[in-house]
Amino acid sequence: MNIVKRSQCSVSVLLGVMLISLSACQTAPPRSITEQELADGRQEYLRSYQSDLEKISNKIEARMVHEYKYAQLSINNESQSIDMLVISGGGAFGAFGLGFLKGWGEVNEANYKRPQFDYVSGISTGALIAPFAFIGTETAYDHVISLYKSLGPDSVRAQGLLSYLPGNVALYDVSNLREKIKSTITEELVKRIKIGATENRQLVVGATNMDYGMLRVWDIAQITSEASTGDAAKQIVDILHASTAFPILFPPVIIDNIMYIDGGATMQIVGGINDRSWAYDFEKMTLNIVNLKEPVKIRVWIIVNEKLLPDSKVVQSNWPSVAERSMKTLLNASILKSIQDADTFVNLINQRPEFDAQMKFVTIPQDFPIADSDVMFEPEIIKKLLKLGKKMGADPMSWKEEALRPGAPFELN
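Residues numbered from 1 in each chain as written. Predicted model: local features only at pLDDT ≥ 70, side-chain atom pairs only at ≥ 80, totals over all residues. Heavy atoms only, no water.

Let's talk about the side chain of Lys-307
In step 1: Relative to the helices and strands, Lys-307 resides in the loop between strand S9 (296-303) and helix H11 (319-349).
In step 2: Dropping the residues within four chain positions of it, Lys-307 is found in contact with Asn-332, Ile-364, Pro-365, Gln-366, Phe-368 and Ile-370. (Helix = DSSP H or I, 4+ residues; strand = E, 2+ residues; numbered from the N terminus. Contact = heavy atoms within 4.5 Å.)

The following block contains the structure:
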């Protein structure tokens, strides 16, 4: 072998070693569960999950009865309502919902004043906001606003061309984002959530179970009542990290040997009560305590951290452009259907004379300009959306009540 060939060989070997080494640094460790173990554990997983969902439903019913009785016995004629806050996904656009919640605190009109929420749910970016909305103090909102303002280009880092190699788990390194999330889940926060748990309030966060192909929700408030403060904080960080793990872009999260990704992959909003049979089966929930002249008031407040339709865009004739646009269109359609579902559920509840239910939702206005950006957490966009949210939150007229039909030209309304 001559010197040229030896040089070429050495370079090839060196490049090969570099590629293997770099690739190894960016790939997830092999899964420690086998296909058979996964199949064998399916029924137990489903039973355990069903048990968790029943606990959520039972707590909602208990909270409902407690709040109604309290209002009936009040000497100050205090009004009763079960308030359910639902926060959608939307990535950095979550700044809109956060700003809205902050601005909402300025409203004094009785029917629109920001309440203490009996139930809070969040998906993806909504999951990050949900614990602070559950606590509901101005300090809590300021704390999570600081988190969003701290997000920037360094929160997630592109892993470069090597991330496209087979075996790599994601295009971005999100270790900095996880540390930011972890820093917000303090022992004090966990203790405040635990207080809410003793009052039968629920804090529900969703992620997508990739191994079984289904949505998974956890009542974080329940977790704080069953685990030590330290263990609860760790579980909450893992769940929030999983809920925000946007597929392909962010690495999935392993919890109890199961792989989870962003909850938005299965559902954009988690609307509340899992067991709906009581809404149409009058024997399922007996509410003899209810005075039919003063039915139980239920209010579902939905904050959508997106526009209902994507902005107009010329889609190029190549697969990345078509794939990106398809994903965006699917997500927006999912939001519309979720709002429809909530509206249908509310109308179903209202078939029973014991209830007076209503649904209101708010979205980023269709005509609000948001510039395209190659930066995932663009500080200027976050700043603009926080400002917009605060302005809209302080105005009760921002709320909409009529669900929109997917596919309808609602922009003409």
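Read on for the rest.
Things to note about unusual backbone geometry
In step 1: For Asn-200, which is not glycine, the phi torsion reads 60° and is therefore positive.
In step 2: Here Asn-200 shows up in the loop between helix H7 (187-198) and strand S5 (202-209).
In step 3: By relative accessible area, Asn-200 is classed as partly exposed at 27%.
In step 4: At Ile-248, a position not held by glycine, the phi torsion is positive, near 75°. (Buried < 20%, exposed > 50% of the residue type's maximum accessible area, 1.4 Å probe, protein only.)

A word on the nonpolar core
In step 1: Core analysis: the largest hydrophobic core is formed by 113 residues, its most contacted members being Leu-85, Leu-101, Tyr-148 and Ile-298.
In step 2: Look past the residues within four positions of Leu-85 in its chain and what remains in contact with it is Leu-101, Trp-104, Phe-117, Tyr-119, Val-120, Ser-121, Ala-133, Trp-301 and Ile-303. (Core = buried A, V, L, I, M, F, W, Y, C linked by side-chain atoms within 4.5 Å.)

Digging into the pairing of strand S1 (residues 82-87)
In step 1: The element S1 is extensively covered by neighbouring structure, given that six of its six residues are classed as buried.
In step 2: Covered by surrounding structure in S1 are Ile-82, Met-84 and Val-86 together with Asp-83, Leu-85 and Ile-87, the residues of both alternating faces.
In step 3: Relative to S9, S1 runs parallel, the two sharing six bridges. When the bridges of S9 are listed, Asp-83 appears paired with Arg-299.
In step 4: Alignment of S1 against strand S2 (residues 119-123), held across four bridges, turns out to be parallel. Residue pairing in the sheet places Met-84 in a bridge with Tyr-119 of S2.
In step 5: Note that the unit made of S1, helix H3 (residues 94-104) and S2 has a crossover that is right-handed. (Pairing = 2+ DSSP bridges. Right-handed = clockwise from strand over helix to strand, strands pointing away.)

Description of a positive patch on the surface
In step 1: There is a patch of like positive charges on the surface, built from Lys-149, Lys-383, Lys-387, Lys-390 and Lys-391.
In step 2: At four residues, the largest contribution of residues to the positive patch is made by helix H12 (residues 379-393).
In step 3: For Lys-149, the position within the fold is in helix H5 (residues 138-150). (Patch = residues over 30% accessible without salt bridge, like charges linked within 9 Å, V, L, I, M, F, W, Y side chains within 5 Å. Areas by Shrake-Rupley, 256 points an atom, 1.4 Å probe, with all protein chains shown as cover. Salt bridge = Lys/Arg side-chain N within 4 Å of Asp/Glu carboxyl O. Lys, Arg positive; Asp, Glu negative; His and termini not counted. Charge placed at Lys NZ, Arg CZ, Asp CG, Glu CD.)

As for the packing of H3 against H5
Pairs of packed helices are described in terms of their axes, by the angle between the two and the distance that separates them.
In step 1: Interhelical geometry of H3 versus H5 gives an angle of 155° and a closest axis separation of 10 Å. With respect to each other, H3 and H5 are oriented roughly antiparallel. Between H3 and H5 the crossing geometry is left-handed. The residues of H5 that touch H3, namely those facing Gly-94, Ala-95, Leu-98, Leu-101 and Lys-102, are Glu-138, Tyr-141, Asp-142, Val-144, Ile-145 and Tyr-148.
In step 2: Grouping the amino acids of the contact of H3 with H5 by side-chain chemistry returns seven nonpolar, one polar and three charged. (Axes fitted to C-alpha atoms, helices over the stretch in contact; angles between N-to-C directions. Parallel < 35°, antiparallel > 145°, perpendicular 65-115°, else oblique. Left-handed = near helix turned anticlockwise from the far one by under 90°. Nonpolar A, V, L, I, M, F, W, Y, C, P; charged D, E, K, R; others polar.)

Observations regarding the side chain of Glu-306
In step 1: Among the structural elements, Glu-306 can be located in the loop between S9 and H11.
In step 2: You can call Glu-306 buried: its relative accessible area is 12%.
In step 3: Ignoring any residue separated from it by four or fewer positions in sequence, one finds Glu-306 in contact with Gly-89, Gly-90, Phe-93, Lys-328, Ile-335, Thr-363 and Ile-364.

Observations regarding the packing of H3 against H12
In step 1: For the pair H3 and H12, interaxial distance at closest approach is 6 Å and the crossing angle is 35°. Both H3 and H12 take part in a crossing whose hand is right-handed. Residues Ala-95, Phe-96, Leu-98, Gly-99, Phe-100, Lys-102, Gly-103 and Trp-104 of H3 pack against Ile-382, Leu-385, Leu-386, Leu-388, Gly-389, Lys-390, Met-392 and Gly-393 of H12.
In step 2: For the contact of H3 with H12, the residue count by class is ten nonpolar, four polar and two charged.

Remarks on the pairing of strand S10 (residues 355-362)
In step 1: Summarising burial for S10: six of the eight residues are buried, a large majority.
In step 2: Here S9 pairs with S10 via eight bridges, running parallel. Pairing of Trp-301 across the sheet is with Lys-360, part of S10.
In step 3: Handedness of the S9-H11-S10 crossover: right-handed.

Structural measurements only, silent on function.
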